[in-house]
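# Close look at the chain arrangement
Residue-level listing of the chains:
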Amino acid sequence: MAEPLFQQLQKLQAEFPGVPPVERWNPELCGDMDMVIKSDGRWLHEGTEIRRQPLVKLFASILKREGDEYFLVTPAEKLRITVEDVPFVVTQVARAPKESHQQLLFTTSVGDVVELKEDRQWLLRDFGAPPQPIPYLEVRAGLQARVSRDVFYQLVDWALEEGSYTDKLFVQSEGQNFLLGSCN
């Protein structure tokens with residue numbers, strides 16, 4: 001089942017530079033695919049990790065979320081896959097001055113670069129054992145990324161640098177405050 005999908009992916013990559021318009025594709029469900037996106041961001045197919053990053057990026061480009069389920073879609077096929085938490089992990093953050101405000105840019109495990117701004121979904125959700133509130137960021141069309149521990153600590157450092165004097169920590173981007181958590 002993966003080989004025909006891979007061939008379709010190669011054609012789609014040539015036809016749609018960047019991310020294909022998966023939100024407009026609504027084929028009938030073809031079945032389930034033995035693919036799992038682990039909570040640490042690794043992609044597995046039939047129990048084996050996909051180590052070729054270009055292949056992971058190809059699969060990520062046709063990923064679609066419907067409710068609580070995730071699918072790999074093409075104009076003709078739709079295959080359900082398993083996602084343990086969210087499909088992406090934020091692995092890097094950069095801040096840059098932009099006119100009168102600072103701008104935060106996040107890079108995901110598959111190379112998406114996301115600017116944190118007012119209309120971008122940012123939320124804290126419990127993750128780990130014991131559960132701790134961790135920031136999640138919308139990457140595109142309902143697909144989220146969890147902020148990695150390293151990036152979270154960088155954000156906390158910047159929040160403290162900016163002078164948070166309350167019991168809550170915020171980081172700023174595009175003139176907006178985004179909650180990182182409580183100091184208690």
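Higher on the page you've got the structure.
Residues numbered from 1 in each chain as written. Predicted model: local features only at pLDDT ≥ 70, side-chain atom pairs only at ≥ 80, totals over all residues. Heavy atoms only, no water.

Time to look at the layout of surface pockets. The calculated volume of the largest pocket comes to roughly 260 Å³. Forming the boundary of the largest pocket are Phe127, Gly128, Ala129, Pro130, Gln132, Ile134, Arg146, Val147, Ser148, Arg149, Phe152 and Tyr153. Sorting elements by how many residues they give to the lining of the largest pocket places helix α3 (residues 149-161) first, with three residues. By residue class, the composition of the lining of the largest pocket is seven nonpolar, three polar and two charged. (1 Å grid on protein atoms, 1.4 Å probe; cavity = no way out; pocket = protein on both sides within 12 Å on 5 of 7 lines; lining within 4 Å. Points joined across faces, edges and corners; volume = space filled by probe spheres on them. Helix = DSSP H or I, 4+ residues; strand = E, 2+ residues; numbered from the N terminus. Nonpolar A, V, L, I, M, F, W, Y, C, P; charged D, E, K, R; others polar.)

Moving on: the pattern of salt bridges. Side chains that differ in charge, positive against negative, can pair when their charged atoms come close. Evaluation of the coordinates by the stated rule reveals 12 salt bridges. Across the pair Asp40 and Arg42 runs a salt bridge whose closest N-O atoms are separated by 2.8 Å. A residue is classified by how much of its surface remains accessible, and Arg42, at 32% relative accessible area, is partly exposed. What emerges from the salt-bridge pattern is a single network uniting Asp40, Arg42, Glu49 and Arg51. (Salt bridge = Lys/Arg side-chain N within 4 Å of Asp/Glu carboxyl O. Buried < 20%, exposed > 50% of the residue type's maximum accessible area, 1.4 Å probe, protein only.)

The next point concerns the environment of Thr82. For Thr82, the location among the structural elements is in strand β6 (residues 78-83). When the C-alpha atoms of Thr82 and Asp32 are compared, they prove to be 8.9 Å apart, with 50 residues separating the residues in sequence. In this structure Thr82 touches Met35, Val36 and Ile37, once residues within four positions along its chain are discounted. (Contact = heavy atoms within 4.5 Å.)

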